[in-house]
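Structure at a glance
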Amino acid sequence: MAGIYPFFHPLESSEGSVVQLEGKDIIMLGSNNYLGLTHHPKVLAAAKQAINDFGTSCTGSRFLNGNLKLHLKLEENLANFFGYEQALVFSAAFLANIGVLDTLGKHQDAIIFSEKENHASLIDGARLAPCEVRLFEDPDDLEKQLSKQENWSNALVVIDAVFSMTGRIAKLKEFAALRRQYGFRLYVDDAHGIGVFGPQGRGTIFEQGVQQDVDLLFGTFSKALASVGGFVAGEKMVIDYLRHKTRSLIFTAGLPPASAAAALAALQVMQKEADEILPKIRENARYWKQGLDEIGYYTMDSVSQIIPTMIGSESLAFRIARDLLDMGVFAIPVPYPVVPCGQSLIRTSVMPTHTKEHLDKALDAFSIIYKRYSIPKFDPDNLPVADKEDWSYFMPQKTN
Ligand SMILES: Cc1ncc(COP(=O)(O)O)c(C=O)c1O
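Attention here is on the structure that accompanies the text.

**Section: the sheet that holds strand β14 (residues 344-349)**
The 3 strands lie next to each other as β11-β14-β13, forming an open sheet whose pairing is antiparallel. Of all the strands in the sheet, just β11 (306-312) and β13 (332-334) have a single pairing partner and so form its edges. Taking the axes of each pair of neighbouring strands and ignoring which way they run, one obtains an average angle of 30° across the sheet. In the sheet, β11 pairs with β14 via 6 bridges, with the strands oriented antiparallel. Paired with Pro-308 across the bridge in β14 is Arg-347. Its contacts with the sheet put helix α11 (residues 314-326) on β11, β13 and β14, and the angle it makes with β14 is roughly 35°.

**A short note on the site of the ligand**
In the vicinity of the ligand, 14 residues are found, and the nearest of them are Phe-94, Asp-189, His-192, Thr-220 and Ser-222. Separating an oxygen atom of the ligand from a backbone N or O atom of Ala-93 is a distance of 3.3 Å. Here His-192 contributes a side-chain N or O atom positioned 2.6 Å from an oxygen atom of the ligand. For the ligand, whose accessible area on its own is 390 Å², the fraction buried by protein is 83%. Only α3 (93-104) and β9 (216-220) provide two or more residues apiece to the shell around the ligand. Considering each element in turn, the shell around the ligand owes the most residues, 3 residues, to α3.

**Quick look at the packing of helix α10 (residues 257-295) against helix α12 (residues 356-372)**
Two numbers describe how α10 lies on α12: the axes approach to 10 Å, and their chain directions differ by 20°. One element, α10, and the other, α12, form an angle in the roughly parallel class. The way α10 lies across α12 gives a crossing that is right-handed. Residues Glu-283, Asn-284, Tyr-287, Trp-288, Gly-291, Leu-292 and Ile-295 of α10 touch α12, and the partners they reach there are Lys-356, Leu-359, Asp-360, Ala-362, Leu-363, Phe-366, Ser-367 and Tyr-370.

**Concerning the pattern of salt bridges**
According to the stated counting rule, one finds 21 salt bridges in the structure shown. One salt bridge in this structure joins Asp-293 and Lys-289, with 2.8 Å as the shortest N-O distance. Of the two residues, Asp-293 and Lys-289 both sit in helix α10, 4 residues apart, roughly one turn of that helix. Several salt bridges share partner residues, and in doing so they unite Arg-179, Arg-180, Arg-185, Asp-213, Asp-215 and Glu-235 into one network.

**Observations regarding the side chain of Ser-302**
Tracing the backbone through its elements, the reader meets Ser-302 in the loop between α10 and β11. At 3.2 Å, the side chain of Ser-302 forms a polar contact with the backbone nitrogen of Ser-304. If sequence neighbours within four positions are ignored, Ser-302 has contacts with Thr-166, Gly-167, Lys-289, Ile-307 and Pro-308.

**Let's talk about the pairing of strand β3 (residues 24-28)**
One face of the sheet, then the other: side chains in a regular strand alternate in exactly this way. Examined bridge by bridge, strand β2 (residues 18-21) and β3 share 4 bridges and lie antiparallel to one another. Across the sheet, Leu-21 pairs through a bridge with Lys-24, a residue of β3. Counting the residues in the hairpin turn of β2 and β3 gives 2 residues, including Glu-22, whose phi is positive at 50°. One ladder, built from 2 bridges, connects β3 with strand β12 (residues 329-330); its direction is parallel.

**Some remarks on a nonpolar patch on the surface**
On the surface, Tyr-5, Phe-7 and Phe-8 cluster together to form a nonpolar patch covering roughly 370 Å² of accessible area. Mapped onto the secondary structure, Phe-7 falls in the segment before β1 (13-14). For Phe-7, a relative accessible area of 32% translates into the label partly exposed.

**So, unusual backbone geometry**
The peptide bond linking Tyr-336 to Pro-337 adopts the cis configuration, its omega dihedral lying at 10°. Locating Pro-337 in the fold gives a position in the loop between β13 and β14. Even without being a glycine, Thr-59 presents a positive backbone phi close to 50°. Structurally, Thr-59 can be placed in the loop between α1 (41-54) and α2 (69-82). Classification of Thr-59 as exposed rests on a relative accessible area of 63%.

**Digging into the pairing of strand β5 (residues 111-115)**
Among the 5 residues of β5, 5 are classified as buried, and the element is accordingly described as predominantly covered. A two-sided burial pattern is seen for β5, the buried positions comprising Ile-111, Phe-113 and Glu-115 on one face and Ile-112 and Ser-114 on the other. In the sheet, β5 pairs with strand β6 (residues 132-136) via 5 bridges, with the strands oriented parallel. Its bridge partner lying in β6, Ile-112 is registered against Val-133. What joins β5 to β6 is helix α4 (residues 120-128), and the crossover it makes is right-handed. Pairing of β5 with strand β7 (residues 155-160), which is carried by 4 bridges, proceeds in the parallel orientation. Within β7, the residue paired with Ile-111 across the bridge is Ala-155.

Definitions and limits used
- Residues numbered from 1 in each chain as written.
- Predicted model: local features only at pLDDT ≥ 70, side-chain atom pairs only at ≥ 80, totals over all residues.
- Heavy atoms only, no water.
- Pairing = 2+ DSSP bridges.
- Helix = DSSP H or I, 4+ residues; strand = E, 2+ residues; numbered from the N terminus.
- Axes fitted to C-alpha atoms, helices over the stretch in contact; angles between N-to-C directions.
- Contact = heavy atoms within 4.5 Å.
- Near = heavy atom within 4 Å.
- Polar contact = N/O pair within 3.5 Å; in protein donor to acceptor, adjacent residues only side chain to side chain.
- Areas by Shrake-Rupley, 256 points an atom, 1.4 Å probe, with all protein chains shown as cover.
- Parallel < 35°, antiparallel > 145°, perpendicular 65-115°, else oblique.
- Left-handed = near helix turned anticlockwise from the far one by under 90°.
- Salt bridge = Lys/Arg side-chain N within 4 Å of Asp/Glu carboxyl O.
- Patch = residues over 30% accessible without salt bridge, like charges linked within 9 Å, V, L, I, M, F, W, Y side chains within 5 Å.
- Buried < 20%, exposed > 50% of the residue type's maximum accessible area, 1.4 Å probe, protein only.
- Right-handed = clockwise from strand over helix to strand, strands pointing away.

Here it is as structure tokens:
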């Protein structure tokens, strides 16, 4: 693939914000380790202790032989921290989304309203659910669809709080107001907001003050919480129901001990050290975005730790990701169909553990790229729309 295939890079080791790849140190701007906790001493120690106490695997479903006191402690901590009656922990967050939507979608007369740009796990959950599924674009479009009847107590509205590729943040207050008006249940996936927004990293729903209107909160451990697995939190009756009905919980092995312990330790570190960590991530996000804006990139008004740069052509995004690696920077190319055709991105995300030196070095690389490929000035009101993907950059290029 012209030497620019950008996926499945085999990392050789990692210190979080710097990784080793192809024998070189590379600044990591493509990870979801938003709090930089994957190498925190308390998180490492908790994972090691859990292996000593419980071994390496649950060797079975939580429903049967694979349920640990550690899972229950993690669930209790999550419920308390996010202010819900109960939480339910899954071995992958993807499994939580598909399982919860499938299970709730089996309810008599259920109907799911799902945002068009939702994450793949929500899309697949809605596909699995045997009920009617309707898509909507934004709160206005949702309201248009809801306004056809008065009461929607049989409906579940499913949204992402922070969009994973663009960093766009959902207008949660508008969804909360619609919920109060039409009586639906609201399910919020805050995979990218927990740890970063709200008091002590409680997430986007707390940042926007809508927690009372969120019936089910979804989170993952694989981003800010430095592990793997995920959870949903909500009313006791609903969580109990999910615990006994959800196929992606019952028919798969429990979250491994080390992963459960790492998530719990990361949650505790986040609560204790939030005052120190959160300002650093916000400052790094501000500094990084300002640097990219000054070079001339279109960063899509991101106000989160996820900062995209629009490139346009699919194959150019791939080539740039390769060039960046050659200059010691890891960033993610995002081609069609993840984004509209002709609007490919290079997605970056910062951590509190990035130093100004890391960011300055990466900005130098992005500046070289900007000139090398004459990246166009994008007009937010008139973004390019292509009818077919551009693969021309797969041809060998002359670079200066
Ligand atoms: C918005 C969103 N929801 C759910 C998931 C699934 O999380 P996990 O990778 O922890 O299974 C992701 C992961 O990329 C995500 O971005």
